[in-house]
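Observations on the three-dimensional arrangement
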Amino acid sequence: MLSFNFMISLNKNLGRQNKIQQQLSDGKALHRPSDDPVKTIRSLRFNINLKENEQYTQHVKDSISWMETTDGAMSDLSSLTIRAKELVIKAVSPNPDMALDAIANELDGIINQMVEIGNTKIGDRYVFAGQNDKIQPFQRRTVTAADGTQTEAVVYSGDTNKISMRIQPGIVTPAQDSVNLTGEDVFGFQTTMENGKEIQTAQVLNNLIRVKEALKGQTSAKSNPAGGDISQTSAEAHNAFTLRIDEVNAGLPTKVSYSIDGGVTWETSGGTPPNPKIAIDGTGKVTITDADGLGTPTVEYTLTPDPDNRSGDTYTLPHTASDRDLQWLSKSGLYLVDNAHNHILQAQTEMGARMSMYIQAQALLEKNNVVITEDVSANEDLDIAKAIIDFKTSESIYRAALSVGAKLMPPSLVDFMR
């Protein structure tokens, strides 16, 4: 019994030394649930929270990287639209045709640059393609309408779905915390029919193409800021008319007015002044008869019905269909370029607001990482100084036990068999 009890006590002391030595080797107080069940449960919870928070932090970093790429592209687009506006302002000043051609060529290059920026990628994903981000979203090409009319446009192949990365527990709300801008957000949409199929085209870029064509004198059709076209269907006018929509019904202008060379007060259709006289029928056909009272022949125009037609939209019509559309450029053309810049600036502003939210979320998550790590440390880490003292104490007790045990052990039969 003396030997048995002595060995049990000695082994318990060795066990305490081994436990303390194991804790000192890695600085952790917990190695198995039996060490401290309560602290073990808390440690599991803290470590789960820490891993979740680290994953959310990585999502935020990925999101900010995506948005920084988008913001850089939007800044480039904004600079290009500002340059386009400068070119249009130069064009409406007195210039020879060669100068207008040069301006048109530079504007054409700007449009190509904007298409290229619209196809910006991060890794192998197109940032402006929505969730369909493996396919190039923008392509500048000729679009053939159902009636055989061909127009140059920038076609969009992406979708309008938002990309949202989870940065906190709960429901994801892409409308509020999306990290991407779609082609519609950046350039707006125009719906066009091609081969019986509805396609989406980039409205901002299409409008810049219109401005470029007006600079080259390639088109006699005039367009309002956002809606349908206006085309001349009779003899050429002798004066520069400015036509304005006063009323619209289901996209069809039903009431219009006009001025001549900017010097005549607007006259509303349906009025009774002897001169000038203007009328519009139920198909959008506008007839102006002897508008200046100087024997000008009757001139007819057709306003295309369009859901985007609005009251107050204006059309500037040149003296003849063959003139370069400088008057249209000075008003509608400049408006289209301004509108393009405003549209891009608004999209960039929205992205900047969301980016600011993600930056704040990153700071909060990084702070949470520090707090949770401190909680884990307080729960698991070993008090090194106390452990060393306990180890030395246990070692001293072990040595003393060996010394005392050697003296307490009684003689055995082996001692007498020598």
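Here the structure is a predicted model, which is why all the values come from computation and not from measurement.

**So, the overall build of the chain**
For the chain, the helix and strand inventory stands at nine helices and 15 strands. Evaluated residue by residue, the chain yields a buried proportion of 38% over its 418 residues. Excluding contacts between residues fewer than 6 apart, the proportion of contacts in the chain whose partners are at least 24 apart in sequence is 65%. In the form shown here, the chain has an accessible surface area of approximately 22,200 Å², with 53% of it arising from carbon and sulfur atoms.

**So, the packing of helix 1 (residues 2-26) against helix 8 (residues 384-408)**
Between helix 1 and helix 8, whose axes approach to 9 Å, the crossing angle comes to 155°. As summarised for this structure, helix 1 and helix 8 are arranged roughly antiparallel, according to the angle between their axes. Between helix 1 and helix 8 lies a crossing whose hand is left-handed. Judged by residue contacts, F6, L10, N13, L14, R16, Q17, I20, Q21 and L24 of helix 1 engage I384, A387, I388, D390, F391, S394, E395, I397, Y398, A401, L402 and G405 from helix 8. Residues of the contact of helix 1 with helix 8, tallied by class, amount to 13 nonpolar, five polar and three charged.

**Details of helix 6 (residues 203-216)**
Between its first and last C-alpha atoms helix 6 spans 20 Å; for 14 residues at 1.5 Å apiece the expected length is 20 Å, and the two agree. Those residues of helix 6 not exposed but buried are Q203, V204, L205, N206, N207, L208, I209, V211, K212, A214 and L215.

**Remarks on the pairing of strand 13 (residues 285-289)**
Going residue by residue along strand 13, you find V286 and I288 tucked away on one face and K285, T287 and T289 left uncovered on the opposite face. Pairing of strand 12 (residues 277-280) with strand 13 involves four bridges; the strand directions are antiparallel. In the sheet register, K277 faces strand 13, and the bridge partner there is T289. Here strand 12 folds back onto strand 13 in antiparallel fashion, the turn holding four residues, of which G284 has a positive phi close to 95°.

**Remarks on helix 8**
Taking 1.5 Å as the rise per residue, helix 8 with 25 residues should run 36 Å; its terminal C-alpha atoms sit 35 Å apart, in good agreement. Every buried residue of helix 8 is accounted for by A387, F391, S394, Y398 and G405. Where the residues of helix 8 are buried, they touch helix 1.

**A few points about the pattern of salt bridges**
Per the stated rule, a full pass over the model turns up 14 salt bridges. Across the pair K134 and D124 runs a salt bridge whose closest N-O atoms are separated by 2.9 Å. With K134 in the loop between strand 2 (125-126) and strand 3 (138-144) and D124 in the loop between strand 1 (121-122) and strand 2, this pair connects stretches of sequence that are ten residues apart. A residue is classified by how much of its surface remains accessible, and D124, at 47% relative accessible area, is partly exposed. The partner of D185 in a salt bridge is K162, with the nearest N and O atoms 2.5 Å apart. Highlighted residues: D185 in helix 5 (residues 183-187) and K162 in the loop between strand 4 (150-156) and helix 4 (174-177), separated in sequence by 23 residues. Among the residues examined, K162 registers a relative accessible area of 22% and is labelled partly exposed.

**Considerations on the sheet that holds strand 3**
Sheets are built from strands that pair by backbone hydrogen bonding, the pairs being arranged parallel or antiparallel. With antiparallel pairing, the four strands of this open sheet are ordered in space as 3-4-6-5. Each edge of the open sheet is held by one strand with a lone partner, namely strand 3 and strand 5 (189-194). Here the average twist between neighbouring strands, direction ignored, is 50°. Of the strands in this sheet, strand 3, strand 4, strand 5 and strand 6 (197-202) touch helix 6, which is tilted by about 150° from strand 4.

**Some details on the side chain of N180**
Mapping N180 onto the fold places it in the loop between helix 4 and helix 5. From its side chain, N180 meets the backbone oxygen of N161 in a polar contact 3.5 Å long. When sequence neighbours within four positions are dropped, the list of residues in contact with N180 reads W66, V127, G130, N161, K162, I163, M351 and R354.

**Side note on the side chain of H341**
Note on placement: H341 falls in helix 7 (residues 326-380). Residues contacting H341, with those up to four places away along its chain left out, are S78, T81 and I82.

**Some remarks on the nonpolar core**
Counting 53 residues, the largest nonpolar core has M114, F187 and L215 as the members making the most contacts within it. No other element matches helix 2 (residues 37-91), which puts 13 residues into this core.

**Considerations on the environment of L336**
Mapped onto the fold, L336 is located in helix 7. For the pair L336 and L205, spaced 131 residues apart in sequence, the C-alpha to C-alpha distance is 9.9 Å.

**So, the pairing of strand 4**
Here seven bridges tie strand 3 to strand 4, and the two strands are oriented antiparallel to one another. Bridged to R141 within strand 4 is A153. In this structure, strand 4 lies alongside strand 6, joined through two bridges in antiparallel fashion. In the sheet register, Y156 faces strand 6, and the bridge partner there is Q200.

**Section: the packing of aromatic side chains**
The relation between two aromatic rings is expressed through the spacing of the ring centres and the mutual angle of the planes. For the structure on display, the rule yields three aromatic pairs. Geometrically, the ring pair formed by F138 and Y156 is tilted, given 5.1 Å between the ring centres and 45° between the ring planes. Highlighted residues: F138 in strand 3 and Y156 in strand 4, separated in sequence by 18 residues. Judged by relative accessible area, F138 falls into the buried class, the value being 1%. Each ring, one from F138 and one from F187, has its centre 5.1 Å from the other, and the planes form 85°; the classification is edge-to-face. Taken as a pair, F138 in strand 3 and F187 in helix 5 lie far apart in primary sequence, 49 residues in all.

Rules of the game
- Think of each chain on its own: its residues are numbered from 1, step by step along the sequence as written.
- Only residues with pLDDT of 70 or above have their local features reported here, since the model is predicted, and side-chain atom pairs are shown and tallied only from 80 upward, although totals for entire chains, interfaces and linings are computed over all residues.
- Side-chain measures here rest on the full set of heavy atoms in the structure, leaving out hydrogens and waters.
- A run of H or I in DSSP becomes a helix once it reaches four residues, and a run of E becomes a strand once it reaches two; helices and strands are each numbered from the N terminus.
- Burial classes: relative accessible area under 20% of the type maximum marks a residue as buried, over 50% as exposed, and values in between as partly exposed (1.4 Å probe, protein chains only).
- The contact criterion used is simple: two residues touch if any of their non-hydrogen atoms lie within 4.5 Å.
- Every accessible area reported is derived by Shrake-Rupley at a probe size of 1.4 Å, with residue values counting cover from the shown protein chains alone.
- Axis lines are fitted through C-alpha atoms, for helices just across the contact stretch, and the angle between N-to-C directions can take any value from 0 to 180 degrees.
- Angles are sorted into four bins: roughly parallel if under 35 degrees, roughly antiparallel if over 145, roughly perpendicular if 65 to 115, and oblique for all others.
- When the near helix sits turned anticlockwise from the far one by under a right angle, the crossing is termed left-handed; a clockwise turn instead gives a right-handed crossing.
- We call Asp, Glu, Lys and Arg charged. Ala, Val, Leu, Ile, Met, Phe, Trp, Tyr, Cys and Pro are nonpolar, and the rest, Gly among them, are polar.
- Any helix carries an expected span of 1.5 Å times its number of residues minus one.
- Any two strands with at least two DSSP bridges between them are considered paired.
- Each reported salt bridge corresponds to a side-chain nitrogen of Lys or Arg within 4 Å of a carboxyl oxygen of Asp or Glu.
- Under the rule applied, a polar contact is a pair of N or O atoms within 3.5 Å (in protein, one hydrogen donor and one hydrogen acceptor; residues adjacent in sequence only if both atoms are side-chain atoms).
- What we call a nonpolar core is a set of buried Ala, Val, Leu, Ile, Met, Phe, Trp, Tyr and Cys residues that are connected through their side-chain atoms within 4.5 Å.
- Working definition: rings of Phe, Tyr and Trp (its six-membered ring) pair if their centres are within 6.5 Å, and the pair is stacked with planes under 30 degrees apart, edge-to-face with planes over 60 apart, and tilted otherwise.

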